Amino acid sequence: MKFEVLTIFPEVIECYLKHGVVGRALNKGIAEVKVYNLRDFTTDRHRKVDDYPYGGGAGMVMQIEPFYNALRHIKSDGIPRKVILLSPQGRRFSQRIAKEFYKEEKTLTLICGRYEGIDERIKAFVDEEISIGDYVLSGGELAALVIIDSVVRLIPGALGDELSAEEDSFMKGFLDYPHYTRPEEFEGMRVPDILLSGDHKKIALWRKKEALRNTLKNRPDLLKNLSAEDMKILKELCSEINKKILEGVHEPVNN
Ligand code: 4GX
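Residues numbered from 1 in each chain as written. Predicted model: local features only at pLDDT ≥ 70, side-chain atom pairs only at ≥ 80, totals over all residues. Heavy atoms only, no water.

A few points about a nonpolar patch on the surface
Then comes step 1: Taken together, the side chains of Tyr-135, Leu-137 and Leu-142 define a hydrophobic patch exposed on the protein surface, amounting to about 280 Å² of accessible area.
Then comes step 2: Inspection of the secondary structure puts Leu-142 in helix 5 (residues 141-152). (Patch = residues over 30% accessible without salt bridge, like charges linked within 9 Å, V, L, I, M, F, W, Y side chains within 5 Å. Areas by Shrake-Rupley, 256 points an atom, 1.4 Å probe, with all protein chains shown as cover. Salt bridge = Lys/Arg side-chain N within 4 Å of Asp/Glu carboxyl O. Helix = DSSP H or I, 4+ residues; strand = E, 2+ residues; numbered from the N terminus.)

Laid out in structure tokens, this is it:
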């Protein structure tokens, strides 16, 4: 899979991509990222990429020419690609969309804006607008990295000995269960006995229950389409929680 990134801060993209799972995937050649510096596609002496907004107001707006020139350069290979604009106005990114991109696309071109945004006429050259969440970043670079990272993880061979992408928590539709490693006791806090028991069936059941506990607490909206087994565990969990609430010993519940 190939990614192309258009940005005025190419080092920001390159630095992140050197490390960890994504860094290894790129070294192995199972994914490729090409970063294009928008200033290389300016035509004036000062390599200017922005200007004042028509209609007035604070801040600067990125001009369309550097993007247009970079896209024309990139697209000259004639290979089909999906061009994505990162912005808070876009369709909300998710694990489902990461899978969709991995399955459907061979090349993703990611457009990173800075300042107040990009001249609206960029839309004529964009296939889809994507937002990574409801907050305001200082530029599209982090959003592009979020997309590259989450899609590269799905490529077979990207996760070496680590868990397969299928095993990953969000794939199962719930939040993750708690993880522990040595030491067995730290500052009086013990690792749950069940994890030391060696009883793999009980451990799997405990993990499912704790995953459901986390999901119920922070993301109850994800608790749908449960299997019969998940529903049984959830009911058990709910009655334990109800009991604690009635006894007045449960920690405060959200909302
Ligand atoms: N998910 N930002 C982009 C500048 C901008 C605005 C409009 C193009 C059009 C963001 C997000 C995000 C801040 C990146 C504004 N560029 N991007 N930037 N949330 O907040 O993706």
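Topic: the UniProt feature "binding site: S-adenosyl-L-methionine" (unreviewed entry) in the protein
Then comes step 1: Those residues carrying the UniProt feature "binding site: S-adenosyl-L-methionine" (unreviewed entry) are Gly-113, Ile-132, Gly-133, Asp-134, Tyr-135, Val-136 and Leu-137 in this numbering.
Then comes step 2: Among the structural elements, Gly-133 can be located in the loop between strand 7 (128-131) and helix 5.
Then comes step 3: A residue is classified by how much of its surface remains accessible, and Gly-133, at 7% relative accessible area, is buried.
Then comes step 4: Along the chain, Asp-134 falls in the loop between strand 7 and helix 5.
Then comes step 5: Classification of Asp-134 as exposed rests on a relative accessible area of 65%.
Then comes step 6: Within the structure, Asp-134 has its side chain in polar contact with the side chain of Arg-92 (distance 2.9 Å). (UniProt positions renumbered as here; feature names shortened; annotations may be inferred. Buried < 20%, exposed > 50% of the residue type's maximum accessible area, 1.4 Å probe, protein only. Polar contact = N/O pair within 3.5 Å; in protein donor to acceptor, adjacent residues only side chain to side chain.)

Overview of the pattern of salt bridges
Then comes step 1: Applying the stated criterion to the full structure yields 22 salt bridges.
Then comes step 2: Lys-48 serves as the salt-bridge partner of Asp-51, at 3.3 Å between the closest nitrogen and oxygen.
Then comes step 3: For Asp-51, a relative accessible area of 30% corresponds to the partly exposed category.
Then comes step 4: In this structure, Glu-120 and Lys-123 form a salt bridge, with 2.8 Å as the shortest nitrogen-oxygen distance.
Then comes step 5: Take Lys-123: its relative accessible area is 32%, and that puts it in the partly exposed class.
Then comes step 6: The network of salt bridges with shared partners includes Lys-82, Arg-91, Glu-100, Glu-105 and Glu-128.

Some points on the side chain of Asp-230
Then comes step 1: By secondary structure assignment, the location of Asp-230 is in helix 8 (residues 228-247).
Then comes step 2: In this structure Asp-230 comes out as buried when scored by relative accessible area, which is 7%.
Then comes step 3: For Asp-230, the side chain forms a polar contact with the side chain of Lys-208, separated by 2.7 Å.
Then comes step 4: Residues within four places of Asp-230 in sequence aside, it is in contact with Phe-174, Lys-208 and Leu-212. (Contact = heavy atoms within 4.5 Å.)

Some thoughts on the site of the ligand
Then comes step 1: In the vicinity of the ligand there are 17 residues, among which Pro-88, Ile-132, Gly-133, Tyr-135 and Leu-137 approach most closely.
Then comes step 2: Interatomic distance of 3.1 Å between a backbone N/O atom of Gly-133 and a nitrogen atom of the ligand.
Then comes step 3: Leu-137 is positioned such that a nitrogen or oxygen atom in its backbone is 2.9 Å from an oxygen atom of the ligand.
Then comes step 4: Starting from 460 Å² of accessible surface for the ligand in isolation, the protein chains cover 93%.
Then comes step 5: Of all elements in the fold, only strand 5 (82-92) and strand 7 reach the threshold of two or more residues within the shell around the ligand.
Then comes step 6: Per-element accounting of the shell around the ligand gives the leading share, three residues, to strand 5.
Then comes step 7: For the shell around the ligand, the class distribution of residues is nine nonpolar, seven polar and one charged. (Near = heavy atom within 4 Å. Nonpolar A, V, L, I, M, F, W, Y, C, P; charged D, E, K, R; others polar.)

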